[in-house]
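So the chains spell out like this:
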Amino acid sequence: MAKLDPIVSEFATTEEAEAYDAWFRAKVEASLADTRPAIPHDEAVARLDAILAKHKGKAA
């Protein structure tokens, strides 16, 4: 298990870095293969604003 310098990498070992890289690449490939229609930016922002407003109301 090779340790990584925290100044150079956010991961403690090369195994952690490789595992993250594999996970990230799989997520990107799955996203690129997704055939669902894209959500327009304005609609996505509106959905997120509604979720945030709902949670802010609960926190107050």
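Residues numbered from 1 in each chain as written. Predicted model: local features only at pLDDT ≥ 70, side-chain atom pairs only at ≥ 80, totals over all residues. Heavy atoms only, no water.

- In the annotation of an unreviewed UniProt entry, the entry for the protein chain reads Stability determinant domain-containing protein, and the organism field reads Brevundimonas balnearis.

What to know about the environment of Asp34
- When you line up the elements, Asp34 lands in the loop between helix 1 (14–33) and helix 2 (41–59).
- A relative accessible area of 34% places Asp34 in the partly exposed class.
- For Asp34, the side chain forms a polar contact with the side chain of Arg36, separated by 2.6 Å. (Helix = DSSP H or I, 4+ residues; strand = E, 2+ residues; numbered from the N terminus. Buried < 20%, exposed > 50% of the residue type's maximum accessible area, 1.4 Å probe, protein only. Polar contact = N/O pair within 3.5 Å; in protein donor to acceptor, adjacent residues only side chain to side chain.)

Side note on a nonpolar patch on the surface
- On the surface, a cluster of nonpolar side chains totalling about 530 Å² of accessible area is made up of Tyr20, Trp23, Phe24, Val28 and Leu32.
- You can see Val28 is positioned in helix 1. (Patch = residues over 30% accessible without salt bridge, like charges linked within 9 Å, V, L, I, M, F, W, Y side chains within 5 Å. Areas by Shrake-Rupley, 256 points an atom, 1.4 Å probe, with all protein chains shown as cover. Salt bridge = Lys/Arg side-chain N within 4 Å of Asp/Glu carboxyl O.)

Observations regarding the pattern of salt bridges
- Using the criterion set out here, one finds three salt bridges in the structure.
- Among the salt bridges present, the one from Asp34 reaches Arg36, with a minimum N-O distance of 2.6 Å.
- The partner of Arg47 in a salt bridge is Glu43, and the shortest N-O contact between them spans 2.7 Å. With Arg47 and Glu43 both in helix 2 and four residues apart, this pair spans about one turn of that helix.
- The exposure class assigned to Arg47 is partly exposed, which follows from its relative accessible area of 45%.
- When its relative accessible area of 35% is taken as the criterion, Glu43 is described as partly exposed.

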